[in-house]
Amino acid sequence: MSIHARVCLNRSEFLLQAQFSAPGQGVTAVFGRSGSGKSTLLRTLAGLETPTPGSEISVNGVTWFGQGINLPVHQRRVGYVFQEPTLFPHLSVRGNLDYARDRSGRRSGTGQGRGNGFDEVIALLGLEAFLQRQPGTLSGGEKQRVAIARALLSAPALLLMDEPLAALDLHSKEEILPFLDRLFAGAGMPVLYVSHSPDEVARLADHLLLLEGGSVLAHGPLAEVLGRVDSPIARTDQAFSVVHCEIAELEGPCHLSVLRTAAGDNVYVPRIAAGQRQAIRLRINARDVSLCSQRPVGSSILNVLQAEIVQLSEPDHKGQQLVQLRLKGSAELLLARISEYSCQQMALVPGINIYCQIKSVALLC
Amino acid sequence: MPFESDITALWITLRLALITVLVLLLTGTPLAWWLANTRWRFKSIIEAAVALPLVLPPTVIGFYLLIAMGPEGPLGRLTAWLGLEPLAFSFTGLVLGSVIYSLPFVVQPLQSTFSGIGRGPLEVAATLGARPLDRFFTIVIPLSRSGYLTAAVLGFAHTLGEFGVVLMIGGNIPGQTQVLSIAIYDHVESLEYASAHWLAGALLLLSFLLLLLVYGLNRRFDMVKI
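Quantities reported herein were computed from a predicted structural model and do not represent experimental measurements. Per chain, residue numbering runs from 1 following the sequence as it is written. Throughout, the order in which chains and ligands are written sets their labels, letters from A for the former and numbers from 1 for the latter. Selection of residues for local features in this predicted model requires a pLDDT of at least 70, selection of side-chain atom pairs for listing and counting requires 80 or more, and totals for whole chains, interfaces and linings are taken over all residues.

**Q** Explain the overall build of chain A residue by residue, including any values.
**A** In this text, helices come from DSSP runs of H or I with a minimum length of four residues, and strands from runs of E with a minimum of two, each type numbered from the N-terminal end. Within chain A one finds 9 helices and 21 strands. Computed over the C-alpha atoms, the radius of gyration of chain A is 22 Å, within 12% of the 21 Å expected from 2.2 N^0.38 for a compact globule of 365 residues. For every residue pair, C-beta atoms are placed from the backbone, and the pair is scored as a contact if these atoms sit within 7 Å. When contacts within chain A are restricted to residue pairs at least 6 apart in sequence, those whose partners lie at least 24 apart make up 66%. Only C-alpha atoms enter the radius of gyration; for comparison, a globular chain is expected to reach 2.2 Å times N to the power 0.38, where N is the number of residues.

Here you go:
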């Protein structure tokens, strides 16, 4: 069960040429700058744009495009959440949801539907209180929650989300993210999630597809793609890695909580509210990691992880190098951005053991 | 007091306007939809043709229609071949003339409403599994309510005031093709000003009430939209 796509689309001044496979479950983030073809790729998968002949799209064994087939949009089992909330203004919230549910049976066939129960979806997105309201009376975040519920109720085999949080203010984003966590944790269908926010990608995605100028630069498991020293993110100042931890001690010393990496190193973070999940994702910016050849003593930096150098990038024009590290005793990758001069002074080469000092981490529950 | 023939003229006028609007809504919807969505390069030719009745003197439209409906004209031959009554000087002929005369008043509001909806809601509906016709009836029509109201009332009111076309192709047969505006003209010609006042006043009031209805309802629709 997986998604295969080989699409080519020629628009004036833009050429999309993307080939990739994504797993048949979990969240695949489609990441790239604006204009890199993220939305066009999603629209093509949904059938809203027609690729050139010779393209192929198949989802979980069903051909949507190719071999003489071009399924119209309404026959592709796709759920689409657009960037702008797109509720039908002439229907109530319930009317919008019913619109999707009433048409879901026709294309899901028998035994294929995921059995998205109406009540479960309503509960999942917390819409109980809104059903009788008109879309115009909802906030942006609430509208987008209804739009997500509506997409789920159409019994999709593939859920496409085109920057669903981009049009929302910070407050609405914070409000909607926990719903997305819950949704993705239990989603039985694959999700393609377009974003240009590293935070969203780090928090929500299991896999990553990097797009630039209409082409796929890299795709694969999140940590693996993020850990590459030659990816387009790595080339920017935004380079970051995602490290998985478990909660070791919620009420640590001095308003801190203690997390533990897979390798058994402690990570101190500002106190986490109780009741959160056991597994925590940390986003660590490459520029916040510095390297020491010996365990640092007498440093104010609390978080020190042991790692082994895997590879180094070529120095860039600012005299900076990216170092890819593997955390000791695990498969997790960490990136550090340090100066070329430091690399030379410390004689950093692949294979040596090193200590990583981490100035700050972002919690991504 | 109005004559009995005036009441008949009023009745014929209302019937003519109503039938004309119904025909126009049915034929104007696909035409307006096509105009709003086509990418055909010569679309402006059709748009200009639809708008012609706005600028042409009604007598010109009437003149050509009269020729077409005559025994040697294409419409005249068609009706003769089908074994029907000639269209000229008949109520059916009046309906045909009015449909052409009021075409832009129905097609243009519909076209601008359809364009205003844009592709967005239709794309959403398609991703939710709605077929093309389903999309049209469940999304486009409800979202075009105010456009339909404007089109219907403008078409109706414009047909009410028709004069030149009717005079050319309808003759002025009392009880068959004599409409209100021509009845008023006849009264004035015969210096029956009191009767003319009655009819003119009725037409004025009717037209005003209709427009009031459009603007009032449009405001309510707007409020519902928000």
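Text resumes after the structure shown.
**Q** Now, about the overall build of chain B: what can you tell me, with residues and values included?
**A** Secondary structure summary: chain B contains 11 helices and 0 strands in total. In terms of principal-axis extent, the alpha carbons of chain B reach across some 65 × 45 × 30 Å. Every one of the 226 residues in chain B was classed for burial, and the buried ones make up 35%. For chain B, contacts bridging at least 24 residues in sequence account for 74% of all contacts bridging at least 6. Exposure criterion: with C-beta atoms placed from backbone coordinates, a residue whose C-beta has 20 or more other C-beta atoms within 10 Å is buried, one with 12 or fewer is exposed, and one in between is partly exposed.

**Q** Explain helix α3 (residues 58-69) of chain B residue by residue, including any values.
**A** Residue and element names in this part refer to chain B. A helix is expected to span 1.5 Å for every residue after the first. End to end, α3 covers 16 Å across 12 residues, agreeing with the expected 16 Å (1.5 Å per residue, within 8%). All buried positions along α3 are accounted for by Gly-62, Leu-65, Leu-66 and Met-69. End-on view of α3: buried residues confined to an arc of 105°, all on one side of the axis. In this structure, the buried residues of α3 make contact with α4 (74-81), α5 (91-117) and α9 (164-170). To obtain the arc, one takes the directions from the helix axis to the C-beta atoms.

**Q** Describe the domain arrangement of chain A, and please don't skip the residues or the numbers.
**A** Residue and element names in this part refer to chain A. In this document the domain limits rely on a domain assignment from an automatic tool or a database. As assigned here, chain A comprises domain 1 (2-226) and domain 2 (240-244 + 275-363). Across the contact, 7 residues belong to domain 1 and 7 residues belong to domain 2. Put simply, the parts of the chain that give the side of domain 1 that touches domain 2 at least two residues each are α6 (198-204) and α7 (222-226). For this classification, the nonpolar set comprises Ala, Val, Leu, Ile, Met, Phe, Trp, Tyr, Cys and Pro, the charged set comprises Asp, Glu, Lys and Arg, and every other residue, Gly included, is treated as polar. A breakdown of the residues in the side of domain 1 that touches domain 2 according to their chemical character gives 5 nonpolar, no polar and 2 charged.

**Q** Give a detailed account of the confidence of the model for chain A, specifying residues and quantitative values.
**A** One confidence number per residue, pLDDT, is output by the predictor and ranges from 0 to 100. On average, residues of chain A score 85 in pLDDT, and 96% of them are at 70 or above. Taken as a whole, residues 110-115 of chain A scores under 50 in pLDDT and shows 6 contacts with residues more than four places along the chain or in a different chain.

**Q** A description of the packing of helix α1 (residues 4-37) of chain B against helix α8 (residues 145-160) of chain B should follow, citing residues and the corresponding values.
**A** Residues and elements named next belong to chain B. Each axis is a line fitted through C-alpha atoms, and for a helix only the stretch in contact is used; angles between axes span 0 to 180 degrees, taken between their N-to-C directions. Two numbers describe how α1 lies on α8: the axes approach to 9 Å, and their chain directions differ by 140°. Between α1 and α8, the interaxial angle falls into the category oblique. Helix-helix and strand crossings are classified by hand; for α1 and α8 the assignment is right-handed. Contact with α1, carried on its side by Thr-13, Leu-16, Ala-17, Thr-20, Val-21, Leu-24, Leu-25 and Gly-28, involves Ala-151, Ala-152, Gly-155, Phe-156, Thr-159 and Leu-160 of α8 and no other residues of that element. Here the residues of the contact of α1 with α8 are counted per class, giving 9 nonpolar, 5 polar and no charged. Should an angle lie under 35 degrees it is considered roughly parallel, over 145 roughly antiparallel, and from 65 to 115 roughly perpendicular; all remaining angles are considered oblique. In a left-handed crossing the near helix is turned counterclockwise from the far helix by less than a right angle, and in a right-handed crossing that turn is clockwise.

**Q** Which residues make up the nonpolar core, and what values do they have?
**A** Here, a nonpolar core means buried Ala, Val, Leu, Ile, Met, Phe, Trp, Tyr and Cys residues linked by C-beta atoms lying within 7 Å of one another. Ala-29, Ala-149, Leu-160, Tyr-193, Leu-208 and Leu-334 of chain A are the most contacted members of the largest nonpolar core, which totals 105 residues. Among the elements that make up this core, the one with the highest residue count is helix α4 (residues 140-153) of chain A (7 residues). Composition of this core by domain shows at least three residues from each of domain 1 (2-226) and domain 2 (240-244 + 275-363) of chain A. Judged by nonpolar contacts, the second largest core, of 41 residues, contains Leu-35, Leu-66, Tyr-101 and Val-153 of chain B.

**Q** Describe the interface of chain A and chain B, listing the residues and the values that go with them.
**A** Of the residues lining the interface, 21 residues belong to chain A; the matching set on chain B comes to 15 residues. Of all the secondary structure elements, the ones that give two or more residues to the side of chain A that touches chain B are β7 (78-81) and α2 (93-108) of chain A. The greatest single-element share of the side of chain A that touches chain B, amounting to 6 residues, is contributed by α2 of chain A. Within the side of chain A that touches chain B, the residues separate by chemical class into 10 nonpolar, 7 polar and 4 charged.

**Q** Tell me about the pairing of strand β18 (residues 320-327) of chain A, and name the residues and values.
**A** Burial of β18 of chain A is extensive: 6 of the 8 residues sit out of reach of the surface. The turn joining β18 of chain A and strand β19 (residues 333-339) of chain A, which pair antiparallel and follow one another in sequence, is formed by 5 residues; a positive phi near 75° is taken by Gly-329 of chain A. For two strands to pair, DSSP has to find at least two bridges joining them.

**Q** How would you sum up the environment of Ile-358 of chain A? Please name residues and give values.
**A** Residues and elements named next belong to chain A. As for its placement among the helices and strands, Ile-358 is situated in strand β20 (residues 353-358). On the neighbour-count criterion, Ile-358 (21 C-beta atoms within 10 Å) is buried. On a C-alpha basis, the gap between Ile-358 and Asn-303 in space is 5.4 Å, while along the polypeptide they are 55 residues apart. Residues within four places of Ile-358 in sequence aside, it is in contact with Ile-284, Asp-288, Val-289, Asn-303 and Leu-305.

**Q** Summarise unusual backbone geometry; cite the residues concerned and give the values.
**A** The phi dihedral of His-255 of chain A is positive, around 60°, even though this residue is not glycine. Inspection of the secondary structure puts His-255 of chain A in the loop between β12 (240-249) and β13 (256-261). At Phe-89 of chain B, a residue that is not glycine, the phi angle is positive and equals roughly 60°. Following the sequence through the fold, Phe-89 of chain B ends up in the loop between α4 and α5.

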